[in-house]
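Structural overview for review
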Amino acid sequence: MLTILESLRGPLTGYCYRILGSSSEVDDAVQETMVRALRAIEGYDPDRAGLSTWVHRIATNVCLDMMRSAERRALPWDMGPASSGNTDIGVPLPAARWVEPLADSRLMGTVDPASLAMRHETLRLAFITALQWLPPRQRVVLVLRDVLGFTAAEAADVMETSVAAANSALQRARATLEKHRPHPTDVPELDNVTQRDLLQRYVQAFQTHDVHELVAVLAHDARSGMPPFLWWLDGPAHIAAAMAGSDACAEDRLLLGGSANGCWTLGQYRPDQNGVLMPFALLVLELRDGRISEIATFLGHGDRFGEFGLPELLEP
């Protein structure tokens, strides 16, 4: 039974992340779910519910407990107007205010109930952020039904409520999500030469401060933000102006990493006092129609670079 429970760790990671929006809390949620499941396994009755349904019920209770006093997580553009023209980035907000990236490697080799196409769409930072607009129980039922494909009866069992109540919550969740549903984006393909060339053009423009090339690779409505700061930029002109107006990143280097949230990633390295290029930030990029449409630069994620296939440091 322990082996069977362990096989659910991957699906539970995807489930808890979609509910919590925090990759740093997912391990705690999944581990607590496994501990509770092992303690209660003697009382599990397969005639009453499938094992997956039973374990997801435990995971749901764990996540609901963790969210009891939590604020809505978001990205900079979901929290206020663009800072275009304003160079004051302000003060950082607590980590608990932000949606966090999840390395796709944490789901590889697992049997995530969502199809590959659905996994890309429902792990995007924009979709995770949209889910945050839903009350916790509505978020749960929408993920169970529309992402993981649970039946109405299974979802009601997980939520320990009636089918009618679960269906009612689902309808309200769908209506709210529709107001915040993000635009479709290009699915990242690791062997897609066109996408890789686009990213290399961005890397080159960033490292050489080539403003014209930067504008050329950005979508007309591109936006760029830098959690944990509210400060964000709207449009290629403002993004390019910020690059041209500062030399803070003049010696930084970018390196293509693995995928996260169904998106491309870049590791940003900055030289320390000895000239060693150390992890500085993780960039998660979305592409749309052959251009870069969104850049979320997560500061302070250097200790997690390994999850994204990025080295701990770069040779000068």
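Look a little higher up for the structure.
The structure contained in this document is the topic of the report that follows. (Residues numbered from 1 in each chain as written. Predicted model: local features only at pLDDT ≥ 70, side-chain atom pairs only at ≥ 80, totals over all residues. Heavy atoms only, no water.)

Considerations on the packing of aromatic side chains
This structure, assessed with the given rule, holds four aromatic pairs. For the pair Tyr44 and Trp54, a centre-to-centre distance of 5.1 Å together with 45° between the ring planes defines the contact as tilted. One end of the pair, Tyr44, is in the loop between helix H3 (23-40) and helix H4 (51-66); the other, Trp54, is in helix H4, and ten residues separate them in sequence. As far as burial versus exposure is concerned, Tyr44 and Trp54 are alike and both buried. With 6.3 Å between their ring centres and 35° between their planes, Tyr202 and Phe206 make a pair best called tilted. With a gap of four residues between them, Tyr202 and Phe206 both fall in helix H10 (residues 193-208), about one helical turn apart. Looking at Arg72, its charged tip hangs above the ring of Trp133, at a distance of 3.7 Å from the centre. (Phe/Tyr/Trp six-rings, centres within 6.5 Å; stacked < 30°, edge-to-face > 60°. Helix = DSSP H or I, 4+ residues; strand = E, 2+ residues; numbered from the N terminus. Buried < 20%, exposed > 50% of the residue type's maximum accessible area, 1.4 Å probe, protein only. Lys NZ or Arg CZ within 6 Å of the ring centre and 35° of its normal.)

Some details on empty space enclosed by the protein
Considering all chains together, one arrives at one cavity of 30 Å³ or more under this definition. Of the voids in this model, the largest cavity is the one considered here, and its volume is about 40 Å³. Taken together, Thr185, Asp186, Pro188, Gly262, Cys263, Trp264, Leu285, Glu286 and Leu287 form the lining of the largest cavity. Residues belonging to the lining of the largest cavity are distributed by class as follows: five nonpolar, two polar and two charged. (1 Å grid on protein atoms, 1.4 Å probe; cavity = no way out; pocket = protein on both sides within 12 Å on 5 of 7 lines; lining within 4 Å. Points joined across faces, edges and corners; volume = space filled by probe spheres on them. Nonpolar A, V, L, I, M, F, W, Y, C, P; charged D, E, K, R; others polar.)

Examining the layout of surface pockets
In this structure, the largest pocket occupies an estimated 760 Å³ of space. Along the walls of the largest pocket sit 30 residues, with Trp231, Leu233, Ala242, Met243 and Cys249 positioned nearest its centre. Elements with a contribution of two residues or more to the lining of the largest pocket: H10, strand S1 (218-225), helix H12 (236-244), strand S4 (264-271), strand S5 (277-288) and strand S6 (291-299). Element by element, the count of residues in the lining of the largest pocket is highest for H12, at five residues. Taken together, the residues of the lining of the largest pocket sort by class into 17 nonpolar, twelve polar and one charged. Reported here for the second largest pocket is a volume of approximately 330 Å³. Lining the second largest pocket are 19 residues, with Ala126, Pro182, His183, Arg223 and Glu294 sitting closest to its centre. For the lining of the second largest pocket, the secondary structure elements donating two or more residues are helix H6 (125-131), helix H9 (163-180), S1, S5 and S6. Looking at the lining of the second largest pocket, the element that brings in the most residues is H6, giving three residues. Broken down by class, the residue content of the lining of the second largest pocket amounts to five nonpolar, five polar and nine charged.

Topic: the packing of H3 against H4
Direction vectors running N to C along H3 and H4 enclose 130°, while the axes themselves pass 9 Å from each other. Looking at the two axes, H3 sits oblique to H4. The two elements H3 and H4 meet at a crossing, and its hand is right-handed. Within the contact between the two elements, H3 uses Glu25, Ala29, Glu32, Thr33, Arg36, Ala37 and Ala40 and H4 uses Trp54, Val55, Ile58, Ala59, Asn61, Val62, Cys63, Asp65 and Met66. Here the residues of the contact of H3 with H4 are counted per class, giving ten nonpolar, two polar and four charged. (Axes fitted to C-alpha atoms, helices over the stretch in contact; angles between N-to-C directions. Parallel < 35°, antiparallel > 145°, perpendicular 65-115°, else oblique. Left-handed = near helix turned anticlockwise from the far one by under 90°. Contact = heavy atoms within 4.5 Å.)

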